[in-house]
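# Inside the fold
Letter by letter, the chains look like this.
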Amino acid sequence: MRAAVVDVLGGGFALQDVDLAEPVGREVLVEVRASGLCHTDLTVATHAFADFPPPVVLGHEVAGVVTAVGPDARAFTPGDHVVGCLVQWCGECPACLDGRVYQCGRPGTTLRDPGRDGPRLSRDGRPLTQGMGLGGFAERALVHENQLTSVPRRLPFPQAALLGCGVLTGAGSVLNGARVLPGETVAVIGAGGVGLNAVGAARIAGASRVVAVDVRDGTLRRARAFGATDVVNSATTDAVAAVRELTGGGVRHAFDIVGVAATTEQALRMTAPGGGVYVVGLAAGGGDLRLSLPRLLLEQKRIQGLIMGAGNPRRDIPRYADLYLRGHLNLDDLVSRRIALDGIDAGYAALQDPEVARVVVTSF
Ligand SMILES: [Zn+2]
Ligand SMILES: [Zn+2]
């Protein structure tokens, strides 16, 4: 089958013929119909990560159709429409039993034991790394059933693909992580694909003010369409002062989607006493935060890291699919561009354009 392979870090995505194994155990074979371009895959394709050495097939925003299931798979049958998610969970450890599958203590149970079963992906007899247990930049993907969720058949595949990462992360941070309540105030720093979902979810939660902060006017215009009540261009304005002014002293919840020390510090300063700061994204490098303990104590703030929107995919993905199908969650305007599997490098370049929210591979 065809797959976009990263052979060398920084060398881009090249269309190649690779081999995919047959499903064993609880694996499910998925014919990929849509695969979103998430920034995290570009980071993995350009920086060394011990878990994903090249050659690697990335792609973790996947939607498709089940074509075969392993002998022990129970959750799916051929023909099911499914969405993949990089959250790897065992279903049996204390965190999983508590519903916190995103904190699973045994995530490796969703991967193969290559010594026993061989690799899922190979090329000329040599194993290829499968990115995040998914490997969605390919015609087909072989995935443990716990990394898949069923979705309604009338959900379009490109929109469905986004549910697995960008939507789960952005919307989940607001609804699961911060648990924003009606009337509360929210700031979202970084209004790209994930940030727009945080903005949209804050609107769904009934936030009274949703302030989007970004350095690009085009991005901020789109944030308004997703439900931002106010926008602040932090390249030309003191964002902390602007947010404090707009909200009469600071917001209740500030989400840092960018994930550098400077934006997290901005989030802390634009939060009102008693408020919460949530680190949702992480830029390459990230950095260390300088925290004033007296201010933290006296202002009674909390700061929390949130991975994948504290998301439980089997609970949350159907919920977001339903919100989309009922017209509450805007996924259509996130799908800015549809590309073919050989266009991933150009697709990532297009994401630099503020008019482009998400690029999705739809032709394989
Ligand atoms: Zn992602
Ligand atoms: Zn677990």
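Residues numbered from 1 in each chain as written. Chains lettered and ligands numbered in written order. Predicted model: local features only at pLDDT ≥ 70, side-chain atom pairs only at ≥ 80, totals over all residues. Heavy atoms only, no water.

### Comments concerning the overall build of the protein chain
Looking only at helices and strands, one finds eleven helices and 20 strands in the protein chain. The C-alpha atoms of the protein chain give 20 Å as radius of gyration, which agrees with the globular expectation for 364 residues (21 Å, within 12%). When its C-alpha atoms are laid out on the principal axes, the protein chain stretches across 60 × 40 × 40 Å. Expressed as a percentage of its 364 residues, the buried residues of the protein chain come to 56%. Taking as baseline every contact in the protein chain between residues at least 6 positions apart, the subset at least 24 positions apart corresponds to 70%. Total accessible area computed for the protein chain in this model is approximately 15,000 Å², and 51% of it derives from carbon and sulfur atoms. (Helix = DSSP H or I, 4+ residues; strand = E, 2+ residues; numbered from the N terminus. Rg over C-alpha atoms; globule rule 2.2 N^0.38 Å. Buried < 20%, exposed > 50% of the residue type's maximum accessible area, 1.4 Å probe, protein only. Contact = heavy atoms within 4.5 Å. Areas by Shrake-Rupley, 256 points an atom, 1.4 Å probe, with all protein chains shown as cover.)

### Some thoughts on empty space enclosed by the protein
In total, this model carries one cavity of 30 Å³ or more according to the counting rule given. Its boundaries defined by the atoms lining it, the largest cavity holds a volume of some 30 Å³. Residue lining of the largest cavity: Glu61, Leu162, Gly166, Val167, Gly193, Asn197, Leu334 and Arg358, and that is the complete set. Of all elements in the fold, only α4 (157-178) and α5 (193-205) reach the threshold of two or more residues within the lining of the largest cavity. Looking at the lining of the largest cavity, the element that brings in the most residues is α4, giving three residues. The residue inventory of the lining of the largest cavity, partitioned by class, reads three nonpolar, three polar and two charged. (1 Å grid on protein atoms, 1.4 Å probe; cavity = no way out; pocket = protein on both sides within 12 Å on 5 of 7 lines; lining within 4 Å. Points joined across faces, edges and corners; volume = space filled by probe spheres on them. Nonpolar A, V, L, I, M, F, W, Y, C, P; charged D, E, K, R; others polar.)

### So, the packing of aromatic side chains
Applying the stated rule across the entire model yields three aromatic pairs. Look at Phe13 and Phe137: their rings are 5.7 Å apart centre to centre, the planes differ by 85 degrees, and that puts the pair in the edge-to-face class. Of this pair, Phe13 sits in the loop between β1 (2-6) and β2 (14-17) while Phe137 sits in the loop between β10 (129-130) and β11 (140-144), and the two are 124 residues apart along the sequence. Note on Phe13: relative accessible area 9%, which makes it buried. Under the relative-accessibility criterion, Phe137 is labelled buried at 0%. (Phe/Tyr/Trp six-rings, centres within 6.5 Å; stacked < 30°, edge-to-face > 60°.)

### Topic: unusual backbone geometry
For the bond running from Pro54 to Pro55, omega is 0 degrees, close enough to zero to count as cis. Counting through the fold element by element, Pro55 comes out in the loop between α1 (39-46) and β5 (56-57). Of note, the phi angle at Arg179 is positive, near 50 degrees, even though the residue is not glycine. For Arg179, the location among the structural elements is in the loop between α4 and β13 (185-189). For Arg179, a relative accessible area of 59% translates into the label exposed.

### Some thoughts on the pattern of salt bridges
Taken as a whole and assessed by the stated rule, the structure comprises 19 salt bridges. Asp230 is paired through a salt bridge with Arg209; the nearest N and O atoms lie 2.9 Å apart. Pair noted here: Asp230 is in strand β15 (residues 230-233) and Arg209 is in strand β14 (residues 209-214), with a separation of 21 residues, a long-range link. What makes Arg209 partly exposed here is its relative accessible area of 27%. The partner of Arg315 in a salt bridge is Asp316, with the nearest N and O atoms 2.6 Å apart. Where salt bridges share partners, they join Glu27, Arg112 and Arg120 into one cluster. (Salt bridge = Lys/Arg side-chain N within 4 Å of Asp/Glu carboxyl O.)

### Some thoughts on the coordination of the zinc ion (ligand 1)
Octahedral six-donor coordination of a metal ideally yields angles of 90 or 180 degrees, compared with 109.5 degrees for tetrahedral four-donor coordination. At 2.0 to 2.2 Å from the zinc ion (ligand 1) lie its protein donor atoms, namely Cys38 (SG), His60 (NE2) and Cys165 (SG). Read in sequence order, the donor residues coordinating the zinc ion (ligand 1) give the pattern C-x21-H-x104-C. With a gap of 105 residues between them, His60 in the loop between β5 and β6 (61-69) and Cys165 in helix α4 connect regions that are remote in the sequence. Classification of His60 by relative accessible area gives buried; the value is 1%. (Donors = N, O, S within 2.8 Å, 3.2 Å for Na, K, Ca; no water.)

### Digging into the coordination of the zinc ion (ligand 2)
Coordination of the zinc ion (ligand 2) by the protein comes from Cys90 (SG), Cys93 (SG), Cys96 (SG) and Cys104 (SG), over a distance range of 2.3 to 2.4 Å. The site at the zinc ion (ligand 2) holds four donor atoms, and with the angles between them running 105 to 116 degrees, its shape is tetrahedral. Mapping the donors of the zinc ion (ligand 2) onto the primary sequence gives the spacing C-x2-C-x2-C-x7-C. Classification of Cys96 by relative accessible area gives buried; the value is 9%. (Tetrahedral: all angles 85-135°; square planar, octahedral: opposite > 155°, others 65-115°.)

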